[in-house]
Amino acid sequence: MTRVFSGIQPTGNVHLGNLLGALVHWVEDQHRSDSLYCVVDLHALTFPQDPTELRSTTLRLAQLLLAIGLDPDVCTLFVQSHVPQHTQGAWIMECTASVGELRRMTQFKDKSAKAQFVSGGLFTYPALMAADILLYDATHVPVGDDQRQHVELTRDLAERFNSRYGQTFVIPEATYPRAGARVMDLQAPTSKMSKSAESAAGTILVLDEPKAIERKIKRAVTDTETEVRYDVAAKPGVSNLLSILGAATGRTPEEAAVGYSQYGPLKTDTAEAVVELLRPIQARYTELAEDPAETRRLLAVGAGKAEEIAAATLARAKEALGLLPG
Ligand code: ATP
Ligand code: LTN
């Protein structure tokens, strides 16, 4: 049996790139594997957060994940800080990783170069992520390209621990979304759609109103030709619209291109497809948002299921390390 684990940080708003590049695959995977999905609020603390905002973003992200189709009867959905084994496992992983290894993480280099305040947690972040994964004996970790190096490090740490202390952790493997799932910025189609983009006009949020979605897609950057063709290098803007249209309607970008000879109709249909894709998600989200107590109940059930697995793995690791049983 495969076991899937993945995490998403409760920072900023979920955009179409997160949805098509990652979250729709989570929804599919839950039916194929034993899956755990985690709102990684402790990872968000690597940068100072406003407490009120963090609390509400964490709850809203969980509601959005439920609205997208994660079914708490099928998968395990929980909040990282609700399962205390994550921080305990992180310490063990910090003591397994070398400073040199952590220093080589490109995400740390990028983020610390831009930050005014660089916390110790930002540096040890990959050790917490390794603990997230290893505590659940995950075999597969669906992530975007940016997390590739962190999953590689997780494998190295698990192997090192196992060879020092005996077989304890399962060695996980990263899985990447199929090609074409990388959604680009509508205003700068050679960069990925991102919550930290310069212009909000290039990013479609999952909770954007239909009018806003239509406006953003209508104004999307294309090129001076008129031909509709999927060619990422020569026509990044048009190709991005075709991948979005394709992903929203279950087709490849090439299939989506058939029948278009002008940009106008392509944009109108892409906007309509995105609005239709998001409509049921937004409706379910609105319902869930009216009953925060129910979401918190579901998260408590998820945390209970997660803790059962995490506690057993942590006990195994502590025993292997020679920590005196309490
Ligand atoms: P941002 O660049 O907006 O900060 P992110 O990568 O930080 O986005 P996360 O919340 O860290 O987003 O990641 C959630 C998931 O969404 C990750 O698996 C990430 O790879 C994926 N993802 C983010 N942006 C895109 C995109 N434009 N296209 C496809 N997948 C994406
Ligand atoms: N670092 C990831 C989020 C994350 C994660 C994980 C992903 C934290 N723990 C475990 C997969 C498995 C990010 O920033 N996208």
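Shown above is the structure to which this text applies.
Residues numbered from 1 in each chain as written. Chains lettered and ligands numbered in written order. Predicted model: local features only at pLDDT ≥ 70, side-chain atom pairs only at ≥ 80, totals over all residues. Heavy atoms only, no water.

Peer 1: Would you mind going over the site of ligand 2 with me for this structure?
Peer 2: Contacts to ligand 2 come from 13 residues, most closely from Gln9, Tyr125, Met129, Asp132 and Gln147. Between ligand 2 and glutamine 9 there is a distance of 3.3 Å, counted from an oxygen atom to a side-chain nitrogen or oxygen. Between ligand 2 and glutamine 147 there is a distance of 2.9 Å, counted from a nitrogen atom to a side-chain nitrogen or oxygen. In isolation ligand 2 has 370 Å² of accessible area, and contact with the protein removes 89% of it. Placement of ligand 2 is best described as lying within the largest pocket. Elements represented by at least two residues in the shell around ligand 2 include exactly strand E1 (3-8) and helix H7 (120-134). Per element, the largest residue contribution to the shell around ligand 2 is four residues, and it comes from H7. (Near = heavy atom within 4 Å. Polar contact = N/O pair within 3.5 Å; in protein donor to acceptor, adjacent residues only side chain to side chain. Areas by Shrake-Rupley, 256 points an atom, 1.4 Å probe, with all protein chains shown as cover. 1 Å grid on protein atoms, 1.4 Å probe; cavity = no way out; pocket = protein on both sides within 12 Å on 5 of 7 lines; lining within 4 Å. Sits in = over half its atoms within 2 Å of the grid points. Helix = DSSP H or I, 4+ residues; strand = E, 2+ residues; numbered from the N terminus.)

Peer 1: Explain the packing of aromatic side chains to me, please; I cannot follow it from the model alone.
Peer 2: To describe a pair of aromatic rings, one takes the distance between the centres and the angle between the planes. All chains considered together, the criterion is met by seven aromatic pairs. Ring geometry for phenylalanine 78 and tyrosine 136: centres 5.8 Å apart, planes at 55°, overall tilted. Here phenylalanine 78, found in strand E3 (residues 76-79), pairs with tyrosine 136, found in the loop between H7 and strand E4 (140-142); they are 58 residues apart in sequence, far enough to count as distant. Since its relative accessible area comes to 0%, tyrosine 136 is described here as buried. Put simply, the rings of Phe5, Phe78 and Tyr136 pair up and form one aromatic cluster. (Phe/Tyr/Trp six-rings, centres within 6.5 Å; stacked < 30°, edge-to-face > 60°. Buried < 20%, exposed > 50% of the residue type's maximum accessible area, 1.4 Å probe, protein only.)

Peer 1: Explain the packing of helix H9 (residues 210-218) against helix H12 (residues 263-289) to me, please; I cannot follow it from the model alone.
Peer 2: Relative placement of two packed helices is described by the angle separating their axes and the distance separating the axes. In the contact formed by H9 and H12, the axes pass within 9 Å of each other and the chain directions differ by 150°. For the element pair H9 and H12, the recorded crossing hand is right-handed. Mapping the contact onto sequence places Pro210, Ile213, Glu214, Ile217 and Lys218 in H9 and Lys267, Thr270, Ala271, Val274, Val275 and Leu278 in H12. (Axes fitted to C-alpha atoms, helices over the stretch in contact; angles between N-to-C directions. Left-handed = near helix turned anticlockwise from the far one by under 90°. Contact = heavy atoms within 4.5 Å.)

Peer 1: What is the right way to read helix H10 (residues 236-249) from this model?
Peer 2: Compared with an ideal rise of 1.5 Å per residue, which puts 14 residues at 20 Å, H10 spans 20 Å between its outermost C-alpha atoms and is within 8% of the ideal. With eleven of its 14 residues buried, H10 lies for the most part within the structure. Of the residues making up H10, those classed as buried are Gly237, Val238, Ser239, Asn240, Leu241, Leu242, Ser243, Ile244, Leu245, Gly246 and Ala248. On its buried face, H10 sits against helix H1 (16-29), H9, helix H11 (253-257) and H12. Just past H10, the residue glycine 250 takes up positive phi, approximately 70°. (Expected span 1.5 Å × (residues − 1).)

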